[in-house]
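If you want the building blocks of each chain, they are given just below.
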Amino acid sequence: MQSLLNEIYNDVKPMLGQGKVAGYIPALASVDPAQFGIAICDNAGEVTSVGEADTPFSIQSISKLFNLVMAMNHYGEGLWDRVGCEPSGLPFNSLVQLEYESGIPRNPFINAGALVVSDMNESRFASPHLAMRDFVRRLSANDSIFSNSDVADSEYEHRSRNAAMAYLMKAYHNFDNEVEDVLHNYFYNCAVEMSCKDLARSMNFLANRGHCVFSASDVLNKDETRQVNALLATSGLYDEAGRFAFKVGLPGKSGVGGGIVAVVPGRFSLCVWSPALNEMGNSVLGVAALESLTRRINWSVY
Ligand code: DON
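Within every chain, residues take consecutive numbers counted from 1 along the sequence as written. It should be noted that, the model being predicted, local features are given only for residues of pLDDT at least 70 and side-chain atom pairs only at 80 or more, the latter also being counted only at that level, while totals for whole chains, interfaces and linings use all residues.

## What about the site of the ligand?
In this analysis a residue is considered near a molecule or strand if the C-beta atom, reconstructed from its backbone, is found within 6 Å of that molecule or strand. In the vicinity of the ligand, the residues found are Gln60, Ser61, Phe92, Asn93, Asn111, Glu155, Asn162, Cys190, Ser254, Gly255, Val256 and Gly281. Residues were grouped as follows: Ala, Val, Leu, Ile, Met, Phe, Trp, Tyr, Cys and Pro as nonpolar; Asp, Glu, Lys and Arg as charged; and all remaining residues, including Gly, as polar. Grouping the amino acids of the shell around the ligand by side-chain chemistry returns 3 nonpolar, 8 polar and 1 charged.

This is the structure in structure tokens:
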């Protein structure tokens, strides 16, 4: 594993400097773009890494995955009455489909979908963001994971677009709770900070048929695990999901903090992080590193 990661690092290093750090969340705009880390967690729980794999970063939309798994645990199949499982083919923060499709978001990984899932968790948990923080602590065996309130507050101040989606869904009776309360928890979830090693560990249950080796528990059953991996493969990288399937071919989820998590089912989970993004909001070096990985292991889900 170590030599594989060293080779990937060498492949992508010349690309440092390409892309732009997310500017629309002011508290994230000051992150140094010239950073790169990658960590792999095998199904025995062994972690191998290269680069800045211990540096916590803002997980942003990767939180949508944990948010979804928490809701699946509570709502089962009923969840899919309120959110679809189709790729959107549009940017993650797009509003247009919502009106055409009567307030039912295409999938749980675009912002509109994650907001509906957050609304469902709002109805279930006294404090949804603390519940998610505790959930990722258990999944990654790290009790010192926190949400960065400066980032969450900065996002809340710039919430207009997400608020517009939530109110539109409320008008279609697909949003039960107060919009401002749900947005607060959604932003606190996005502002959770984890390292590549934390995220590689926390994703491992998806490589291991739903079983988490760190908490010695089944997080999802085998069928649910397959469903989540299918959603990650078709919608985890928004309007770059097709290209990601074409070039990489793994279930994956990106965030505008520059992290991308991915799953090699039956073998290992991984996380790669580099803050500079392409125009679709995905990490430039992250996508390149995953391309290098599947080329080198000569394996993809397809
Ligand atoms: O709601 C937002 O816009 C951010 N908190 C999350 C966006 C994100 O990470 C999209 N991913 N690429």
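## Quick look at the environment of Glu46
Here Glu46 is to be found in the loop between strand S1 (37–42) and strand S2 (47–51). Any residue with 12 or fewer other C-beta atoms within 10 Å of its own C-beta is exposed, any with 20 or more is buried, and the rest are partly exposed; the C-beta atoms used are placed from the backbone. Glu46 gets classed as exposed once you count the C-beta atoms within 10 Å, which come to 11. Secondary structure follows DSSP: runs of H or I at least 4 residues long count as helices, runs of E at least 2 residues long count as strands, and numbering of each begins at the N terminus.

## Details of the sheet that holds strand S9 (residues 259–264)
Pairing within the open sheet is antiparallel, and its 5 strands lie in the order S2-S1-S10-S9-S8. Each edge of the open sheet carries a strand with a single partner, namely S2 and strand S8 (252–254). Taking each pair of neighbouring strands and ignoring which way they run, the sheet shows an average axis angle of 10 degrees. Pairing between two strands is assigned when DSSP locates at least 2 bridges connecting them. Inspection of the sheet shows S1 paired to S2 by 5 bridges, in the antiparallel sense. Note on S2: the bridge partner recorded for Gly37 is Gly51. To get an axis, fit a line to the C-alpha atoms, keeping to the stretch in contact for a helix; angles then go from 0 to 180 degrees between the N-to-C directions.

## Focus: the nonpolar core
By definition, a nonpolar core groups buried Ala, Val, Leu, Ile, Met, Phe, Trp, Tyr and Cys residues that are joined through C-beta atoms within 7 Å. Within the largest apolar cluster, 93 residues are counted, with the highest numbers of intra-cluster contacts made by Ile38 and Cys271. Throughout, a residue-residue contact means that the two C-beta atoms, derived from backbone geometry, are no farther apart than 7 Å. Excluding residues that lie within four positions of it along the chain, Ile38 makes contacts with Leu5, Ile8, Ser49, Val50, Gly51, Ala53, Cys196, Leu270, Val272 and Ala289.

## Brief notes about helix H8 (residues 179–190)
How far a helix is expected to stretch is found by multiplying one less than its residue total by 1.5 Å. Taking 1.5 Å per residue as the helical rise, H8 with its 12 residues ought to reach 16 Å, and the 16 Å between its terminal C-alpha atoms agrees with that figure. Within H8, 9 of the 12 residues are buried, which leaves the element mostly enclosed by the surrounding structure. Along H8, the residues that are buried comprise Val182, Leu183, His184, Asn185, Tyr186, Phe187, Tyr188, Asn189 and Cys190.

## Quick word on the sheet that holds strand S5 (residues 192–194)
As summarised here, the arrangement of the 3 strands in space is S3-S5-S4, forming an open sheet in which the pairing is antiparallel. A single partner strand is all that each edge strand has here, and the edge strands are strand S3 (57–58) and strand S4 (146–147). Relative to S5, S3 runs antiparallel, the two sharing 2 bridges. Residue pairing for S5: Ser58 is matched across the bridge by Glu193.

## Let's talk about the packing of helix H7 (residues 160–171) against H8
Where H7 meets H8, the closest approach of the two axes is 10 Å, and the angle between their N-to-C directions is 135 degrees. Judged on the interaxial angle alone, H8 and H7 are oblique. As for the relative orientation of H7 and H8, their crossing is right-handed in sense. Across the interface between the two elements, Asn162, Ala163, Ala166, Tyr167 and Lys170 of H7 pack against Val179, Val182 and Leu183 of H8. Tallied by class, residues from the contact of H7 with H8 come to 6 nonpolar, 1 polar and 1 charged. Just so you know how the angles are binned, under 35 degrees is roughly parallel, over 145 roughly antiparallel, 65 to 115 roughly perpendicular, and the rest oblique. Crossing chirality is assigned from the near helix's rotation relative to the far helix, an anticlockwise turn below a right angle marking it left-handed and a clockwise turn marking it right-handed.

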